[in-house]
Amino acid sequence: MIDARNVRKTFGSFAALNDVSLNIAEGELVALLGPSGSGKTTLLRILGGLEFPDSGSVLFDGGDATLVSARDRHVGFVFQHYALFRHMTVFDNVAFGLKVRSRKERPSKAEIAERVHHLLSMVQLDGLALRYPSQLSGGQRQRVALARALAIQPRVLLLDEPFGALDAQVRKELRRWLRRLHDELKITGVFVTHDQEEALEVADRVVVMNQGRIEQIGTPTEIYDQPATPFVYQFLGNVNALPCRIRGGQAEIGPLVMPAPSYAGVADAAGVAFVRPHDLLLSRPGEGGGSFAVVRHVSVLGAVVRVELSLGEHIIEAETSRQRHAELELAPGQRVLLWPRQARFFLRDGWEGTTLESREELARTSAML
Amino acid sequence: MAIAVEISAARRRSRAVSETLWVKGLLTALGVAILGLFLLLPLATVFGEAFSKGADAYFAALVDDDALAAIRLTLLVAVIAVPLNVVFGAVASWCIAKFDFRAKSLLITLIDIPFSVSPVISGLIYVLLFGLQGWFGPWLRDHDIKLIFAVPGIVLATVFVTFPFVARELIPLMESQGTEEEEAAVVLGASGWRIFWTVTVPNIKWGLLYGVLLCNARAMGEFGAVSVVSGHVRGVTNTMPLHVEILYNEYNYMAAFAVASLLALLALVTLAAKALLVWRFSREIAADARQ
Ligand SMILES: Nc1ncnc2c1ncn2[C@@H]1O[C@H](COP(=O)(O)OP(=O)(O)OP(=O)(O)O)[C@@H](O)[C@H]1O
Ligand SMILES: [Mg+2]
């Protein structure tokens, strides 16, 4: 459906997008996820025709659309700050895309009115048609922007941080609603976000971006369970990044020694181990395996209990259930056994000079336990 | 104990309030006094002198042939200069605010030139360029075009002097509004022309109107530049301000002030219109700024 090939975009001497390739299938909802300044908006604007790449191409349905202007691309674009026409009513905002059509293609007044009202009821804004944007709440403005974009029946819907400016509660509601809407309309969609939870919950596929490059593309499960790079590991979810040594197929994190068979060929190198807090198993001395660690701090956060431990000179964060917490009677100063259910290792040299090649190499040689 | 502390705090607070009240009163009085001395008194004098020989003499001075010619010319100049500058100003601000290009700061500087150069100098430059001895003088003479010491010269000088008013009003406004609404309109399939009229213009209408008011007031009241290029031909190339000067130099004070009172009236109308704009549309204007 949409195919971006080797897209490069610089502003002055700054490379906002560096050789980005991305394929989006018909009917898919894709999230562009990344930290601030990683090039998400730039990529979205290039897909929408509001910005043009320095090199590379953008294909829509197989046809080259790289130089097609935004006006002729027939996409729906929802801006981060909505960009509603401030001097037009909600009705006129939504009707705009239909009213500006050439006389031949323009629906009649009655048809336009019917379509606008249909869209407004779809976004649950019936009755607000005659208000001005300044008389709406943030969530309502957001939905007007969405209705306006959908009015032209776009081939693709592009949304820039659609829920960025809303409070947590409204955000949650709106993103479920967006997902439902997407499932109903079966429209191809791309949305930008820097909220991982949002990306993982709503999208079919997630594109993780960093410094103008794509770090990983995959389903939410793939991205979360098998991060391809240290960056993705750290960006998605909580993770312990622990310096370690890798020697002949084993990784040593302080006193803890874990097998790392795919590094069997590495004689002695500095590495980093990534372990998710919920992958750390805690047990009483004598009951399980692992290394001794000392509990430093325990905090109960709703259903989970977060435990801070020291392992040698490392500080580690573990998460466990309340039940397990009660069984172990965890308290500061207590010695417990610590064993990672799974961990992933990256060689230090590889990712400090981050080039794409070295990263792919790392993904292949990393070890899953 | 706690109550005592509260009371003394309250007393301290009320003393602070009464002190600021006192200072406020003094400052207000000072402001009004300065305003009266430098603005209202001269205004009153203008009307006082104008009516010093009665209403009949006042109206007679206004319907004098030369005075009428001056009024007509002033209106004509404003009718040409203001729309021209609205177009120039809107286009220039649109370019500056909505696009990024290299010569942008140069363009902004150019727009400001009329503000930073004395109007007399501006007039002189026109004479040097288009006068008989000027650069284009011989060419213009050969083609039988008379700019200097004629109406076209006056229009040119006025356009130049009043150029920044609209642009200066619009640039900050358009910059603060950004380009997102226009981008939204493009994506929805609107043409550039359509976007300008249905999205950009409605968003800047108050600023535009205010700029037009200021531009018009200056166009009608301009003296320096027009004085240099006009040639002061009575009934032909005299605008109202120039006519006032001539009458004054002829010791015809009453008539001079009568014509001057029209200019003063224009200023008052401009002020009133501006106040009306702010009062009538303050909510909308504030809403615009908020969005
Ligand atoms: N018009 C521009 N001129 C110069 N630099 C720009 C321009 N647009 C974007 N950039 C730069 O390109 C980089 C990527 O910007 P972009 O807006 O795509 O980031 P983003 O991932 O959307 O970030 P955020 O989450 O903060 O919105 C940033 O460093 C930004 O400063
Ligand atoms: Mg952005």
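Cut-off values and rules
- Residues numbered from 1 in each chain as written.
- Chains lettered and ligands numbered in written order.
- Predicted model: local features only at pLDDT ≥ 70, side-chain atom pairs only at ≥ 80, totals over all residues.
- Heavy atoms only, no water.
- UniProt positions renumbered as here; feature names shortened; annotations may be inferred.
- Helix = DSSP H or I, 4+ residues; strand = E, 2+ residues; numbered from the N terminus.
- Rg over C-alpha atoms; globule rule 2.2 N^0.38 Å.
- Buried < 20%, exposed > 50% of the residue type's maximum accessible area, 1.4 Å probe, protein only.
- Phe/Tyr/Trp six-rings, centres within 6.5 Å; stacked < 30°, edge-to-face > 60°.
- Lys NZ or Arg CZ within 6 Å of the ring centre and 35° of its normal.
- Pairing = 2+ DSSP bridges.
- 1 Å grid on protein atoms, 1.4 Å probe; cavity = no way out; pocket = protein on both sides within 12 Å on 5 of 7 lines; lining within 4 Å.
- Points joined across faces, edges and corners; volume = space filled by probe spheres on them.
- Nonpolar A, V, L, I, M, F, W, Y, C, P; charged D, E, K, R; others polar.
- pLDDT = per-residue confidence, 0-100.
- Contact = heavy atoms within 4.5 Å.
- Domains from an automatic or database assignment.
- Buried area = accessible area lost by both parts, 1.4 Å probe.
- Near = heavy atom within 4 Å.
- Polar contact = N/O pair within 3.5 Å; in protein donor to acceptor, adjacent residues only side chain to side chain.
- Areas by Shrake-Rupley, 256 points an atom, 1.4 Å probe, with all protein chains shown as cover.
- Axes fitted to C-alpha atoms, helices over the stretch in contact; angles between N-to-C directions.
- Salt bridge = Lys/Arg side-chain N within 4 Å of Asp/Glu carboxyl O.

As named in an unreviewed UniProt entry, chain B is Sulfate transport system permease protein CysW, taken from Telmatospirillum siberiense. As its UniProt record puts it under Subunit (unreviewed entry), chain B is described as follows: "The complex is composed of two ATP-binding proteins (CysA), two transmembrane proteins (CysT and CysW) and a solute-binding protein (CysP)." Annotation of chain B in UniProt includes, under Subcellular location (unreviewed entry), the sentence "Cell inner membrane".

A. A look at the overall build of chain B. A tally of regular secondary structure across chain B gives 12 helices and 0 strands. In sequence order, the secondary structure elements of chain B are arranged as α-α-α-α-α-α-α-α-α-α-α-α. Since a compact globule built from 291 residues should have a radius of gyration of about 19 Å, the 25 Å found for chain B marks it as more spread out than a globular shape. Along the first, second and third principal axes, the C-alpha atoms of chain B reach 95 × 65 × 30 Å. Counting all 291 residues of chain B, 38% fall into the buried class.

B. Region of interest: the packing of aromatic side chains. Evaluation of the coordinates by the stated rule reveals 19 aromatic pairs over all chains. For the pair Y58(B) and F59(B), a centre-to-centre distance of 5.1 Å together with 80° between the ring planes defines the contact as edge-to-face. Overall, Y58(B) belongs to the buried group, its relative accessible area being 5%. An aromatic cluster of at least three residues, connected via ring pairs, comprises W94(B), F99(B), W193(B), F196(B) and W197(B). A cation over a ring is seen here: R276(A) above Y224(A), with NZ or CZ 4.4 Å from the ring centre. Positioned over the ring face of F292(A) is R335(A), at 4.2 Å from the centre of the ring.

C. Highlighting the pairing of strand β12 (residues 250-253) of chain A. All names here are of chain A. Side chains A251 and I253 of β12 all project onto a buried face; the interleaved residues Q250 and E252 project onto a face where none is buried. Pairing of strand β11 (residues 240-247) with β12, which is carried by 3 bridges, proceeds in the antiparallel orientation. Paired with R245 across the two strands is E252, which belongs to β12. Hairpin connection from β11 to β12: 2 residues lie between these consecutive antiparallel strands, with G248 at a positive phi of about 45°. Alignment of β12 against strand β13 (residues 256-259), held across 4 bridges, turns out to be antiparallel. Counterpart to Q250 in the pairing with β13 is P259. Linking β12 to β13, which pair antiparallel, is a turn of 2 residues; within it G254 sits at a positive phi near 55°.

D. Representation of empty space enclosed by the protein in the model. Residues and elements named next belong to chain A. Counted by the stated rule, this structure contains 3 cavities of 30 Å³ or more. Approximately 50 Å³ is the volume attributed to the largest cavity. What lines the largest cavity is simply L29, L150, L157, L159, L178, L181, H182, L185, I187 and G189. Among the secondary structure elements, those contributing two or more residues to the lining of the largest cavity are β7 (156-160) and α6 (168-185). By residue number, the principal contributor to the lining of the largest cavity is α6, which donates 4 residues. The residue inventory of the lining of the largest cavity, partitioned by class, reads 8 nonpolar, 2 polar and no charged.

E. Geometry of the confidence of the model for chain A. All names here are of chain A. In this model, chain A carries an average pLDDT of 87, and 94% of its residues clear a pLDDT of 70 or more. Model confidence for chain A, summarised as mean pLDDT per element, is weakest for helix α12 (residues 356-365) at 32 and strongest for helix α3 (residues 90-99) at 96. Contacts for the low-pLDDT stretch residues 351-369, under 50 throughout, to residues beyond four places or in other chains number 38 contacts.

F. Representation of the domain arrangement of chain A in the model. Residue and element names in this part refer to chain A. Assigned domains within chain A: domain 1 (2-231) and domain 2 (238-368). One C-alpha centre belongs to domain 1, the other to domain 2; they are set 39 Å apart. Taken together, the 9 residues of domain 1 in the interface contact 8 residues of domain 2. For the pair domain 1 and domain 2, the summed buried area comes to about 910 Å², and 53% of that belongs to carbon and sulfur atoms. Counting the surface domain 1 buries against domain 2, the share from its top three residues, R213, Y224 and P230, is 53%.

G. Expanded view of the site of ligand 1. Residues and elements named next belong to chain A. If you check the shell around ligand 1, you find F11, F14, A16, P35, S36, G37, S38, G39, K40, T41, T42 and E161 and nothing else. With respect to ligand 1, the backbone of G37 contributes an N or O atom lying 2.8 Å from an oxygen atom. Note that an oxygen atom of ligand 1 is positioned 2.5 Å from one of the side-chain N or O atoms of T41. Out of a free accessible area of 630 Å², ligand 1 has 61% covered by protein chains. Sorting the residues of the shell around ligand 1 by element identifies β2 (14-24) and α1 (40-48) as the ones contributing at least two each.

H. Here's a closer look at the sheet that holds strand β18 (residues 314-321) of chain A. All names here are of chain A. Strand order across the open sheet formed by 5 strands is β15-β19-β16-β17-β18, with antiparallel pairing between neighbours. Lying at the two open borders of the sheet, with one neighbouring strand each, are β15 (280-283) and β18. Going from strand to strand, the sheet's axes swing by 45° on average, the running direction of each strand aside. With 8 bridges connecting them, strand β17 (residues 304-311) and β18 associate as antiparallel partners. Pairing of E308 across the sheet is with E317, part of β18.

I. Molecular detail of the interface of chain A and chain B. Across the boundary between the two partners, chain A contributes 23 residues, which contact 21 residues of chain B. Taking both sides of the interface into account, the surface hidden between chain A and chain B amounts to around 2200 Å²; carbon and sulfur atoms contribute 57%. Run the count over chain A and chain B and you get 2 salt bridges. We note a salt bridge from R45(A) to E183(B), for which the minimum N-O separation is 2.6 Å. Counting across the interface, chain A meets chain B through 5 residue pairs in polar contact (both at pLDDT 80 or more). Broken down by element, the side of chain A that touches chain B gets its largest block of residues, 3 residues, from α3(A). Along the lines of polarity and charge, the residues of the side of chain A that touches chain B split into 13 nonpolar, 4 polar and 6 charged.

J. View of the environment of V226(B). Residue and element names in this part refer to chain B. Within the secondary structure layout, V226 lies in helix α10 (residues 224-230). Of the residues examined, V226 reaches a relative accessible area of 2% and is grouped as buried. Separated by 108 residues in the primary sequence, V226 and S118 place their C-alpha atoms 12 Å from one another. Beyond its immediate chain neighbours, meaning those up to four positions away, V226 contacts I154, T158, T239 and L242.

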